[in-house]
Amino acid sequence: MSVVVMKFGGTSVANVERIRNVAKHVKREIDAGNKVAVVVSAMSGVTNQLVGYVREASLLHDAREYDAIVATGEQVTAGLLAIVLQSMGLKARSWQGWQIPIITDDAHGVARIKDIPGEKIRQRLEEGEVAVITGFQGVEPTRNRVSTLGRGGSDTSAVALAIAVKADLCDIYTDVDGVYTTDPRIVPKAQRLQKISYEEMLEMASLGSKVMQTRSVELAMVHKMRTRVLSSFVAPDAMPAASPDNWDKLGTIICSEDEIVEQRVVSGIAYAKDEAKVTLLQIEDKPGVAASIFGPLADANINVDMIVQNLSSDGKRTDMTFTVQGSDLPKALDVLKGAHKTIGYFDVTSSTEVAKVSVIGVGMRSHAGVAAQMFKALAEKGINILAITTSEIKISVLIDAAYAELAVRTLHSLFGLAKD
Ligand code: ASP
Ligand code: MG
């Protein structure tokens, strides 16, 4: 017997028929003797529609009311799944964030989970009841208002709940059957990874692979919560129930590095197109200039990723290039304009026609030469590199957006990731 949290994303609960399919996946687990809590997203498209209503009502709106509205999508699917499970003869009950309670901070719209008392739900699971829990939402206790965890937040709800009820496994059911070496829409020969380490998955998620919300991977990593990505589109009876001897046989399991025996240098290639490049021309080359640029950007909550500062040829003036998320560009330009006097740049240029392509793998820790190989292969395709960042387990390059797919394909075959 295992305690399993099963999370189903928007496409898996897109309508009542799909919800019936989800219920069959749940029933398979219960029939096998597992204890199950389910976390559901809103039906696909619903959260977007709700966000649209809010914006239509007023572009500038109260974040607490935004949450009151966008949290409703998950309430519908949780209730519907409980009804379908009951109609199949299972004991089931839906739970909203405030009822658990899933306690969050007060950053409405992007709230962080602070605590989930797991005993009550665990007790229900022990009694054989299926707890169906709304993803994406929690409650902010000071004002006693519903809060939401940011787009894609149901993944984080699921991992946090799995930790709270001391689950053996957190299963993320989605519309793909695992984590791939790269996006199979770009590289049809991309392979499903059987296992990936928390660190690599975190890089994959934050560098553009949209399989799981970044924060959920962070949480799984910190608490070593074994998490699996698998497809809900496989026939429920064609799949074995979760058990310790098949955890790594289905989908992709995200686990500790030392559980991965197969050694590879590079595990995956990620790419992100929602990038913008900003260049400040002719800034002074003296102490304090970088702080005068990145201080105001940080105060405005704008994440800066890659930074390149040129050497000045005359020791006086230089250029600074950096990247921000594409959606943050207008705000970033605004902030820089406001700080023009203190920074003292000559001009600012920007472009959203850039993409970031990254090579990820824990094997890079012990293998030299990955960067050199990568740069050479890109050069051979005539792809110019605009900026570079590295960490112990990844190398990212910023390139012209038009070359993103060519770069992904080139690197995917360079590092031998394609299936034969
Ligand atoms: N329904 C929410 C969203 O679309 C949360 C989720 O699906 O994870 O962002
Ligand atoms: Mg999602």
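Scroll up to find the structure.
Residues numbered from 1 in each chain as written. Chains lettered and ligands numbered in written order. Predicted model: local features only at pLDDT ≥ 70, side-chain atom pairs only at ≥ 80, totals over all residues. Heavy atoms only, no water.

A. Quick look at the pairing of strand β9 (residues 169-174). Most of β9 sits inside the fold, with six of its six residues counted as buried. Residues Leu169, Asp171 and Tyr173 of β9 are buried on one face, and the alternating residues Cys170, Ile172 and Thr174, pointing to the opposite face, are buried as well. Inspection of the sheet shows β9 paired to strand β11 (residues 227-231) by five bridges, in the parallel sense. By the bridge assignment, Ile172 is partnered in β11 with Val229. (Buried < 20%, exposed > 50% of the residue type's maximum accessible area, 1.4 Å probe, protein only. Helix = DSSP H or I, 4+ residues; strand = E, 2+ residues; numbered from the N terminus. Pairing = 2+ DSSP bridges.)

B. View of the nonpolar core. By size, the foremost hydrophobic cluster in this structure holds 39 residues, and its most contacted members are Val5, Ile121, Ile133, Cys170 and Met212. Elements with a contribution of two residues or more to this core: β1 (3-8), β2 (35-40), α5 (119-126), β6 (130-134), α6 (154-164), β9, α7 (198-206) and α8 (214-223). Ranked by the residues each element gives to this core, the list is headed by α6, at six residues. Ignoring sequence-local partners within four residues, the contact set of Val5 consists of Ala37, Val39, Ala158, Leu161, Ala162, Val165, Ala167, Leu169, Cys170 and Asp171. Listed in part, the 29 residues of the second largest apolar core include Met6, Val13, Met239 and Ile253. (Core = buried A, V, L, I, M, F, W, Y, C linked by side-chain atoms within 4.5 Å. Contact = heavy atoms within 4.5 Å.)

C. Unusual backbone geometry, seen in detail. Looking along the chain, the bond that leaves Ile100 and enters Pro101 is cis, with omega of -10°. Examined against the element boundaries, Pro101 turns out to sit in the loop between β3 (92-95) and β4 (103-104). A positive phi angle, near 50°, is found at Lys224, a position not held by glycine. Inspection of the secondary structure puts Lys224 in the loop between α8 and β11. Given a relative accessible area of 57%, Lys224 falls into the exposed group.

D. Structural detail: the layout of surface pockets. Size it by volume and the second largest pocket reaches roughly 280 Å³. If you go around the second largest pocket, you meet 14 residues; those closest to its centre are Ile113, Ala160, Ile163, Leu219 and His223. Only β5 (113-115), α6 and α8 provide two or more residues apiece to the lining of the second largest pocket. Ranked by residue count, the leading element in the lining of the second largest pocket is α8, at five residues. (1 Å grid on protein atoms, 1.4 Å probe; cavity = no way out; pocket = protein on both sides within 12 Å on 5 of 7 lines; lining within 4 Å. Points joined across faces, edges and corners; volume = space filled by probe spheres on them.)

E. Layout of the site of ligand 1. All residues adjacent to ligand 1 are Ser41, Ala42, Thr47, Glu74, Phe136, Arg151, Gly152, Gly153 and Ser154. Thr47 places a polar side-chain atom, nitrogen or oxygen, 2.8 Å from a nitrogen atom of ligand 1. Interatomic distance of 2.6 Å between a side-chain N/O atom of Arg151 and an oxygen atom of ligand 1. (Near = heavy atom within 4 Å. Polar contact = N/O pair within 3.5 Å; in protein donor to acceptor, adjacent residues only side chain to side chain.)

F. Summary view of the sheet that holds strand β17 (residues 387-391). Overall, antiparallel pairing links the six strands, which are arranged β14-β15-β13-β16-β18-β17 in an open sheet. The sheet terminates laterally at β14 (304-309) and β17, the two strands that pair on one side only. Averaged over neighbouring strand pairs, the angle between their axes works out to 30° when direction is ignored. Sheet analysis places strand β13 (residues 268-284) next to strand β16 (residues 347-360), joined by eleven bridges and oriented antiparallel. Its bridge partner being in β16, Ala272 is matched across the sheet by Lys356. Packing of α7 onto the sheet brings it into contact with β13, β16, β17 and β18 (394-400), and relative to β16 it is tilted by some 145°. (Axes fitted to C-alpha atoms, helices over the stretch in contact; angles between N-to-C directions.)

G. Expanded view of the state of the cysteines. Under the counting rule described, the total for this entry stands at zero disulfides. Not part of a disulfide, Cys255 finds its nearest cysteine sulfur in Cys170, a span of 14 Å. (Disulfide = S-S within 2.5 Å.)

H. Examining the packing of aromatic side chains more closely. For the coordinates displayed, the defined rule picks out two aromatic pairs. Measuring from centroid to centroid gives 5.1 Å for Phe294 and Phe322, while their planes differ by 75°, and the two rings are edge-to-face. With Phe294 in helix α9 (residues 289-299) and Phe322 in strand β15 (residues 317-325), this residue pair connects regions lying 28 residues apart in the sequence. Summarising the burial analysis for this pair, Phe294 and Phe322 share the class buried. Taking NZ or CZ as reference, Arg18 lies 3.8 Å from the ring centre of Phe233, over its face. (Phe/Tyr/Trp six-rings, centres within 6.5 Å; stacked < 30°, edge-to-face > 60°. Lys NZ or Arg CZ within 6 Å of the ring centre and 35° of its normal.)

I. Summary view of the packing of helix α1 (residues 16-31) against helix α4 (residues 72-87). Running from amino to carboxyl end, α1 crosses α4 at an angle of 60°, the nearest separation of the two axes being 9 Å. Judged on the interaxial angle alone, α4 and α1 are oblique. Note that α1 runs across α4; the crossing there is right-handed. Contacts between α1 and α4 involve Val16, Ile19, Arg20, Val22, Ala23 and Val26 on the former and, on the latter, Thr77, Leu80, Leu81, Val84 and Leu85. (Parallel < 35°, antiparallel > 145°, perpendicular 65-115°, else oblique. Left-handed = near helix turned anticlockwise from the far one by under 90°.)

J. Representation of the packing of α6 against α8 within the structure. Direction vectors running N to C along α6 and α8 enclose 20°, while the axes themselves pass 8 Å from each other. The angle between α6 and α8 falls in the class roughly parallel. Note that α6 runs across α8; the crossing there is left-handed. Touching Asp155, Thr156, Val159, Ala160 and Ile163 of α6 are Arg215, Ser216, Leu219, Ala220 and His223, all from α8. Taken together, the residues of the contact of α6 with α8 break down into five nonpolar, three polar and two charged. (Nonpolar A, V, L, I, M, F, W, Y, C, P; charged D, E, K, R; others polar.)

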